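# Structural overview
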Amino acid sequence: MKDRSKLIFGNGISSGDYKKSLKSKAKYARKFGDDSNADYPAKLQENAVLYGPLGVRDIRIAEGEGDIPFDTEKGIIVGNIRMGFGHYRISIAMASAAHALGYSPYWMDLNSFNETTCTKVIGAQNDLYSMGSRLSQKSKLFNKFFWEPMNYEGFRKLSYNSSDQKNAELMAPVYRNVPKEIPVIGTHVWPAQAAVHAGMKYVVNAIPDNWPMALHLSEGSVHTVQTRQSYMGYRILNGMRGKDVLSPMPADSLVYTGHYIDHELVANIEADCAARLERKKSGKPMRFLLTIGGAGAQKEIFAAILNHLMPHIKSGKAAVYVNIGDYKNVWDYLSASVDGIDNVTAKHFNDWQETSAFCDGAISGEVGGVHVFWHENIFEAVYCTNLLMRSADVLVTKPSELAFYPIPKLFIKRIGGHERWGAIHSAEMGDGTLECEDIPHTVQMLDLFLNEDTLLNEMCSAIQLNKTQGLYDGAYNAVKLAMGLKVKQ
């Protein structure tokens, strides 16, 4: 296994920072064990939610969990982790594009192998990140002096990547019996780093954010980015060691692809935009889709939005979808915080068949009131938003992975400084608002959408123009890139 913590794209790591990376790995090994010599089997199972629509099979590493053979010609691995909902959502986009292109997507969640050191290390860091996300929404001091700087500058440092690379060595064993010739697309850096350490031959590292950070580097893979701005920042490793001029990433290590979007959404852009404009023109309720983040934060903002919209919901001017993911406690909070919401709400709780039927019917049917969606299954919790997008008029979200989706967007306050650049990019592309950093500005934007035609018309026009320029083709391009690596070698 090559030591990728000492030298990163030709840039040396100081002895002090390298020692910190060694200590980090040793700390996790002491706490969770080191299973580097474990011989985990690799089995395929049909994904209960995503196999039907997208042909997704899960990679499991337990004895006797299936006898489906790996397809080394058409198979492609989507490596991911459950850390929030964003990396799962990007993975679904990759699987959708792979399926549409005729490939067989294999889902490999490194955070699902409960008995492994890999999952224990990821789980511990995920718990810390989720706690920090929630705390940042409750404490302005914590957010200002710790969370924002950590997400904006802390993760940006090259030394941070050194520690991550060393920790990722503990994650490599889960790939041991996965066929090495099957391409891997990592939608979080750890599955990409672990794949490289494990000797997987063709690895693509799909970078999610629009703020270049060393956190996302996985040397040995081909990195993809969704924006031109991000490409320039990564190419020169901008600001990753203060003001130092660093050795750049090689040209063949970085590729601009466009936004990572599901095939089903891209293929229906024109029809869905036309339906939005027709609903607005005919005075039908404007449909707002509120979707909770994977850390379960921002429920207070949701409550303020719903309280403002409640008169419009009752009068038939607005309708609202609320996807609370797998956080049922969020609905308990909203029910207690929004006066009268129970009287106008239809609950779609933990019945995926019913939810899917509603999503299909809403594309061409009538919708009124509030519809709240909760699902225990993580795939259902995430994919619900994707299905609701087609029939929604405005997506209300923090500017994270959803900032890149082809639907008019109203951005509420970010969680972490890196997310601000998602809203900036979307506003420049014309398919989203600026980030509304407080409730009054959020309410102002809601009223603009409700009371005039301009914002919706302009955003729908921009989305259709962006499609003609290939802006939303990133998932297709990433899949083609990954499969193309086999041809090159």
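Residues numbered from 1 in each chain as written. Predicted model: local features only at pLDDT ≥ 70, side-chain atom pairs only at ≥ 80, totals over all residues. Heavy atoms only, no water.

### Overview of the overall build of the protein
Across its full length, the protein carries 18 helices and 18 strands. Here the C-alpha atoms of the protein give a radius of gyration of 22 Å, agreeing with the 23 Å that 2.2 N^0.38 yields for 489 residues. With respect to the principal axes defined by its C-alpha atoms, the protein has extents near 65 × 50 × 45 Å. In the protein, which comprises 489 residues, the proportion classed as buried is 61%. (Helix = DSSP H or I, 4+ residues; strand = E, 2+ residues; numbered from the N terminus. Rg over C-alpha atoms; globule rule 2.2 N^0.38 Å. Buried < 20%, exposed > 50% of the residue type's maximum accessible area, 1.4 Å probe, protein only.)

### Looking at a positive patch on the surface
A surface patch of like charges, here positive, comprises K19, K20, K23 and K157. Relative to the assigned elements, K157 resides in the loop between α5 (140-154) and α6 (158-168). (Patch = residues over 30% accessible without salt bridge, like charges linked within 9 Å, V, L, I, M, F, W, Y side chains within 5 Å. Areas by Shrake-Rupley, 256 points an atom, 1.4 Å probe, with all protein chains shown as cover. Salt bridge = Lys/Arg side-chain N within 4 Å of Asp/Glu carboxyl O. Lys, Arg positive; Asp, Glu negative; His and termini not counted. Charge placed at Lys NZ, Arg CZ, Asp CG, Glu CD.)

### Looking at unusual backbone geometry
A positive phi is found at F9, a non-glycine position, where the angle reads about 50°. Along the chain, F9 turns up in the loop between β1 (7-8) and β2 (11-12). For F9, a relative accessible area of 6% gives the class buried. The backbone of N350 sits at a positive phi, close to 60°, despite the residue not being glycine. Residue position: N350 is located in the loop between β14 (345-349) and α13 (352-362). N350 gets classed as partly exposed once you look at its relative accessible area, which sits at 34%.

### Comments concerning the sheet that holds β14
Taken in spatial order, the 7 strands line up as β14-β15-β13-β12-β16-β17-β18 in an open sheet, and their pairing is parallel. At either end of the open sheet lies a strand with only one pairing partner, and these are β14 and β18 (432-435). Each strand of the sheet is rotated relative to its neighbour by a mean of 15°, with strand direction disregarded. Bridge analysis of strand β17 (residues 409-411) against β18 gives 2 bridges, and the strand direction is parallel. Its bridge partner being in β18, F411 is matched across the sheet by E435. (Pairing = 2+ DSSP bridges. Axes fitted to C-alpha atoms, helices over the stretch in contact; angles between N-to-C directions.)

### Thoughts on the pattern of salt bridges
Applying the stated criterion to the full structure yields 14 salt bridges. Residue R390 is joined to D272 by a salt bridge in which the shortest nitrogen-to-oxygen separation is 2.9 Å. You can see R390 sitting in the loop between α14 (378-389) and β16 (394-397) and its partner D272 sitting in helix α10 (residues 269-281), a full 118 residues away along the chain. Notably, a salt bridge pairs E366 with K284, separated by 3.1 Å at the nearest N-O pair. Here E366 is found in the loop between α13 and β15 (370-374), whereas its partner K284 is found in the loop between α10 and β12 (286-291), with 82 residues between them in sequence.

### Focus: the packing of aromatic side chains
Across all of its chains, the model carries 13 aromatic pairs by this definition. Measuring from centroid to centroid gives 5.4 Å for W211 and W421, while their planes differ by 15°, and the two rings are stacked. One end of the pair, W211, is in the loop between β8 (203-206) and β9 (222-225); the other, W421, is in helix α15 (residues 420-429), and 210 residues separate them in sequence. On the basis of relative accessibility, which here comes to 8%, the residue W211 falls in the buried class. Between F358 and F373, the ring centres sit 5.6 Å apart and the planes meet at 50°, which makes this aromatic pair tilted. Of this pair, F358 sits in helix α13 while F373 sits in strand β15, and the two are 15 residues apart along the sequence. (Phe/Tyr/Trp six-rings, centres within 6.5 Å; stacked < 30°, edge-to-face > 60°.)

### Remarks on the packing of helix α3 (residues 86-100) against α14
The geometry of a pair of packed helices is captured by two quantities: the angle between their axes and the separation between those axes. One can describe the packing of α3 onto α14 by two numbers: an axis separation of 10 Å at closest approach and a directional angle of 70°. When the axis of α3 is compared with that of α14, the two are roughly perpendicular. For the pair α3 and α14, the sense of crossing is right-handed. Every residue of α14 that contacts α3 at Y88, R89 and I92 is listed here: I378, F379, V382, Y383, T385 and N386. Residue composition of the contact of α3 with α14, by class: 6 nonpolar, 2 polar and 1 charged. (Parallel < 35°, antiparallel > 145°, perpendicular 65-115°, else oblique. Left-handed = near helix turned anticlockwise from the far one by under 90°. Contact = heavy atoms within 4.5 Å. Nonpolar A, V, L, I, M, F, W, Y, C, P; charged D, E, K, R; others polar.)

### Description of the sheet that holds strand β6 (residues 104-109)
Within the open sheet, the 8 strands sit side by side as β3-β4-β6-β5-β7-β8-β9-β11. Their pairing is mixed. One side of each edge strand has no neighbouring strand; the edge strands of this open sheet are β3 (43-46) and β11 (254-256). Pairwise comparison of adjacent strand axes, ignoring direction, gives a mean angle of 30° for this sheet. Relative to β8, strand β7 (residues 184-186) is paired through 3 bridges, and the arrangement is parallel. Paired with G186 across the strands is N205, a residue of β8.

### With respect to empty space enclosed by the protein
Across all of its chains, the model carries 2 cavities of 30 Å³ or more by this definition. Roughly 50 Å³ of internal volume is contained in the largest cavity. Here the second largest cavity defines a volume of roughly 40 Å³. (1 Å grid on protein atoms, 1.4 Å probe; cavity = no way out; pocket = protein on both sides within 12 Å on 5 of 7 lines; lining within 4 Å. Points joined across faces, edges and corners; volume = space filled by probe spheres on them.)

### So, the pairing of β9
Each regular strand carries side chains that alternate between the two faces of the sheet. Burial along β9 is two-sided: the residues V222 and T224 and H223 and V225 are all buried. Of the strand pairs in this sheet, β8 and β9 are connected by 3 bridges, and their pairing is parallel. If you follow N205 over to β9, its bridge partner there is H223. Relative to β11, β9 runs parallel, the two sharing 3 bridges. The residue of β11 that forms the bridge with H223 is L254.

### A look at the environment of G283
Relative to the elements of secondary structure, G283 occurs in the loop between α10 and β12. For G283, a relative accessible area of 57% corresponds to the exposed category. Counting along the chain gives 35 residues from G283 to A318, while the straight-line C-alpha distance between them is 9.9 Å.

What is shown is where atoms sit, not what they do.
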